[in-house]
Amino acid sequence: MNHQILNNPNGTIKRVVPTVSHRRQDGLIQYAYNHTSQSGEDGILEKLFEWIPPTTQQRREQQEDNVTKNGDGSTTRTSSDTDNIQITRWCVDVGAWDGRHLSNTFSLLCRNNSTTTSSNHYKGGKEKKMTKDIWKGILIEADDEKFQSLCNLHEPLGNVCWNVTVSCLKHSKQSLSYMLKNRALDLLPMDFEFLCIDVDGTDYWLLHDILHASFRPQVICIEFNPTMPHDLLYIQPRDDTIRHGSSLSALVALASEFHYQLVECTCYNAFFVRGDLFEKYIREKIPFEPTMERVHEVTMGTALYQLYDGTLKLHGCKTMLWHRLPIPDIQVLEKEKRSFPFVPSAGSGMEMDEALFSGTSQEDRNEEHMFQSISVDMAPYCQSGLLLQVNEEDKIKCSQELLKQLETDGFALVRGTTMSSELCKDALHWTDVFLHKAPEAVRRSCLTKDRARRGYSPQNAENFASLIGQKGPNDLVKKFRVGPEWNNRGDDGGSSHFAALVQPNAWPLEEVWGEENSKTFQRVIEEYYEKLCDIAHAIVACISDGIRNSSSENLVPHLEESLNGRSNEDSHTSILTLLGYRKGARHQGCKIPLVAAHTDVGVITVLLFDDGDCATLQRAEGDTWVDVKLPKSVPSDPIFVVNIGDCLSDLCGGRLPSTMHRVMPRNGKEGKPRNTLALFVGFQSDQKLCINNNVMTYEEWRKNKIAKAQAKARERS
């Protein structure tokens, strides 16, 4: 299976080769029975762990101590305490509910301890040995009420219970692998016996996270969406707020990548066994090769499959299984009304200031929880100038987290910048008013000769593809730029190397737009620009610290000094660009970019988006394009997107990638224009840089970069 398909966080919908079901009833399914499980899982698990002996290090060492080989090939006891050996087995249950209702782990953890009889051939005959399996578990439940029942049942037994909504997101501290490694690694071996995942949505990505983190549970039981046919590989988007579920074929493909064998299925759950254990203990017990078609058949309809949030994908069944509603047409629920009916009430595990959420909806609270969990808190750097005591360990941790995200994707989300939510909303509001609602004459009043650096630039006037020497459609976006201005440099504006990037700003004329509108627009945008430049300086300092602390080489000697002296207008050449997208001809089919694929020529770019739904930012990931995850609105602690520019990537020898990105049209329900504030951070024009052992100024580097792109474009033409 294509690696990009299995790891695409946007989700995957793909038809695979159609197959005919040949469900067998003489495999593990013949042992199925329920004690607390839903569809025979108790009996299947009992048989699996009867066949698979305990394999913990404790068990192996004990066996080695108790048996030695004689010269004639026979074996002899070396101690007299081989009877009644107690073996501890471990399980992890994600989505444990109250520990009893439809539970696949109750029988392991709460019923009488099982006793296993094994035979060993000792000198002088055959002797039986009794081993007692004691199960211990880590049980995770998000719902507060169900969690209390879970604790009442399991804590007296010595089991561990966590009230957490497990996150499927890559950098979250609530991911399953992060919590197991940081909260339970002293208890839980990496090859623990049993993993059970049932979270009604992101199950695939939780398993993806665990396997990529090098955990190798011996047996896995995981829920799949039973309405999806075998010839459909469906991986839901990697998003904690989406509840679709994934297809059985998707789980089989993922498990196979890590050498797990599908051995049985019930109505909703698939069982996988680690490959080495399957070959040694299971294969000869099953009278056929356990393929997907032989251990499962779709019985929930024909080719129709349903997503947990109520979305229907064609073809057939006339009943919504989880919502129990008839389907008179293709869709029963309008998009805004679709939601999984059994979302846990709370238990996110995040410590947050609840006062920030007064008056907000549960959906908004859940989204802010999610984005807080995956964004880097920049407070140790951004609050250092507020006369607050900053812990150096916090700064080190912050720089490590930011560097990790940037090294992986070239993109990161940051918060804790001290930027007020109100200023962000005001800046986005006035951007919308200026670019979309004001008369065109207002925008035309601030046109400049050099629109690529200052003032208003209409749609189709520029082409970002040229930045990488490519051809593409002109940018279907309105732009307005402000930046550092020259002052007191004489009639010629100072040295020539300042002329390109340090120029007067152009503002809409009062006589065209009115004094109040013009002055308010200028005041808000200037205030936002100055504050964001301070934040950008802190982000660059954080990146510099992260690289310095993680490398023996000083790869970026100029980063810390490049943006210093922030009160000096000449200390940087950062440009703030106001970008406005609206629905147009390219939204028919949504295949032609609004802004072509490109990288940014600069140090870093810091972006803020409003809630418009007609455009989306995408970044390249291998051969695919991935939507950059963004809040639907500006949260109480604003979240910014940071991406690496070409200059910083060159300075650090490519360690931080300058990732290709683009803006694509989207046909949102409301068709609202989308506005973006993008700060393209630049060094001082005459800042000395050392790239590949060549010393040059920042302005010289920029000119060389642009000249190479232009030459490449000429070659293509």
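Residues numbered from 1 in each chain as written. Predicted model: local features only at pLDDT ≥ 70, side-chain atom pairs only at ≥ 80, totals over all residues. Heavy atoms only, no water.

Asker: I tried to follow the packing of helix H14 (residues 421-437) against helix H17 (residues 515-550) on my own but got confused; where do I start?
Answerer: How two helices sit against one another is set out by the angle between their axes and by the gap between those axes. H17 packs onto H14 with a crossing angle of 135° between their chain directions and a minimal axis gap of 9 Å. Relative to H17, H14 is oriented oblique. Considering the relative orientation of H14 and H17, their crossing is left-handed. Contacts between H14 and H17 pair Leu-423, Cys-424, Asp-426, Ala-427, Trp-430, Thr-431 and Phe-434 from the former with Asn-517, Thr-520, Phe-521, Val-524, Ile-525, Glu-527, Tyr-528 and Lys-531 from the latter. Split by residue class, the contact of H14 with H17 holds nine nonpolar, three polar and three charged. (Axes fitted to C-alpha atoms, helices over the stretch in contact; angles between N-to-C directions. Helix = DSSP H or I, 4+ residues; strand = E, 2+ residues; numbered from the N terminus. Parallel < 35°, antiparallel > 145°, perpendicular 65-115°, else oblique. Left-handed = near helix turned anticlockwise from the far one by under 90°. Contact = heavy atoms within 4.5 Å. Nonpolar A, V, L, I, M, F, W, Y, C, P; charged D, E, K, R; others polar.)

Asker: Could you clarify how one ought to interpret the pairing of strand S24 (residues 615-621) in this entry?
Answerer: Consecutive side chains of a regular strand alternate in pointing toward one face of the sheet and then the other. Among the seven residues in S24, six count as buried, and that is most of the element. Pairing of S24 with strand S27 (residues 661-665) involves five bridges; the strand directions are antiparallel. Across the sheet, the residue bridging to Gln-618 is Arg-662, located in S27. By the bridge criterion, four bridges tie S24 to strand S25 (residues 624-627) in an arrangement that is antiparallel. Across the sheet, Glu-621 pairs through a bridge with Thr-624, a residue of S25. (Buried < 20%, exposed > 50% of the residue type's maximum accessible area, 1.4 Å probe, protein only. Pairing = 2+ DSSP bridges.)

Asker: Sorry if this is basic, but what is going on with unusual backbone geometry here?
Answerer: Note: most residues except glycine have negative phi, and most peptide bonds are trans. Positive phi values are uncommon outside glycine, yet Asp-200 reaches one of about 60°. Of note, Asp-200 is situated in the loop between strand S8 (194-197) and helix H7 (203-212). Although it is not a glycine, Asn-692 adopts a positive phi angle of roughly 55°. Structurally, Asn-692 is set in the loop between strand S29 (688-691) and strand S30 (694-697).

Asker: Mind showing me how you'd approach the side chain of Gln-174 here?
Answerer: Assignment of secondary structure puts Gln-174 in the loop between strand S7 (160-162) and helix H6 (176-183). The exposure class assigned to Gln-174 is buried, which follows from its relative accessible area of 9%. At 3.0 Å, the side chain of Gln-174 forms a polar contact with the backbone oxygen of Thr-165. (Polar contact = N/O pair within 3.5 Å; in protein donor to acceptor, adjacent residues only side chain to side chain.)

Asker: Would you explain the packing of helix H13 (residues 392-409) against H17 in this entry?
Answerer: Two elements in contact, H13 and H17, have axes separated by 8 Å at closest approach and are oriented at 90°. Considering their axes alone, H13 and H17 lie roughly perpendicular with respect to each other. Facing Ile-396, Cys-398, Ser-399, Leu-402, Leu-403 and Leu-406 of H13, the residues of H17 in contact are Ile-539, Cys-542, Ile-543, Asp-545, Gly-546, Ile-547, Asn-549 and Ser-550.

Asker: Even after reading the chapter, I still don't get the pattern of salt bridges, so can you show me in this structure?
Answerer: Pairs can form between side chains of opposite charge whenever their charged atoms are close. One pass over the full model with this rule turns up 25 salt bridges. Across the pair Glu-50 and Lys-47 runs a salt bridge whose closest N-O atoms are separated by 3.4 Å. Here Lys-47 and Glu-50 lie together in helix H2 (residues 41-51), a separation of three residues that amounts to about one turn. Assessed through its relative accessible area of 48%, Glu-50 is described here as partly exposed. Lys-47 gets classed as buried once you look at its relative accessible area, which sits at 16%. Here Arg-655 ties to Glu-407 by a salt bridge, and the two come within 2.4 Å at their closest N and O atoms. Of this pair, Arg-655 sits in the loop between helix H19 (646-651) and S27 while Glu-407 sits in helix H13, and the two are 248 residues apart along the sequence. Among the residues examined, Arg-655 registers a relative accessible area of 25% and is labelled partly exposed. (Salt bridge = Lys/Arg side-chain N within 4 Å of Asp/Glu carboxyl O.)

Asker: I keep staring at the pairing of S29 and nothing clicks. Help me out?
Answerer: The alternating pattern of S29 places Leu-689 and Ile-691 on a buried face and Lys-688 and Cys-690 on a face that is not buried. Where S29 and S30 come together, four bridges link them in antiparallel fashion. Each residue of the ladder has a partner; that of Ile-691, found in S30, is Asn-694. The antiparallel pairing of S29 with S30 creates a hairpin that spans two residues between the two strands, and Asn-692 there sits at a positive phi of about 55°.

Asker: What exactly am I supposed to notice about a negative patch on the surface here?
Answerer: On the surface, Glu-422, Asp-426, Glu-527 and Glu-530 cluster together into a negatively charged patch. Secondary-structure elements contributing two or more residues to the negative patch are H14 and H17. The residue Glu-422 is located in helix H14 in this model. (Patch = residues over 30% accessible without salt bridge, like charges linked within 9 Å, V, L, I, M, F, W, Y side chains within 5 Å. Areas by Shrake-Rupley, 256 points an atom, 1.4 Å probe, with all protein chains shown as cover. Lys, Arg positive; Asp, Glu negative; His and termini not counted. Charge placed at Lys NZ, Arg CZ, Asp CG, Glu CD.)

Asker: Is there a simple way to explain the nonpolar core in this structure?
Answerer: If you look at soluble globular proteins, the nonpolar side chains tend to sit buried side by side. Grouped together as the largest cluster of nonpolar side chains are 103 residues, with contacts concentrated most on Val-94, Phe-194, Leu-195, Phe-272 and Ile-282. Ranked by the residues each element gives to this core, the list is headed by helix H8 (residues 248-257), at seven residues. Dropping the residues within four chain positions of it, Val-94 is found in contact with Ile-140, Val-166, Leu-176, Leu-195, Cys-196, Ile-197, Asp-198, Val-199 and Leu-206. Core analysis: the next-biggest nonpolar cluster, separate from the first, contains 68 residues, Val-433, Val-634, Leu-656 and Phe-683 among them. (Core = buried A, V, L, I, M, F, W, Y, C linked by side-chain atoms within 4.5 Å.)

Asker: Can you help me understand the confidence of the model for the chain in this one?
Answerer: A low pLDDT means the predicted coordinates there should not be read in detail. On average, the chain scores 83 in pLDDT, and the residues at 70 or more come to 80%. Ignoring residues within four places in sequence, the model shows residues 352-359, a span with pLDDT below 50, making eight contacts including any to other chains. Throughout residues 488-498 the model reports pLDDT below 50, and contacts reaching past four residues in sequence, or to other chains, amount to 11 contacts. (pLDDT = per-residue confidence, 0-100.)

Asker: How do you make sense of the side chain of His-436 when you look at a structure like this?
Answerer: Position of His-436 among the secondary structure elements: in helix H14. Residue His-436 is classed as buried on the basis of its relative accessible area, which comes to 11%. Within the structure, the side chain of His-436 is placed 2.9 Å from the side chain of Asn-675, a separation counted as a polar contact. Look past the residues within four positions of His-436 in its chain and what remains in contact with it is Thr-431, Arg-443, Gly-580, Tyr-581, Arg-582, Pro-673, Arg-674 and Asn-675.

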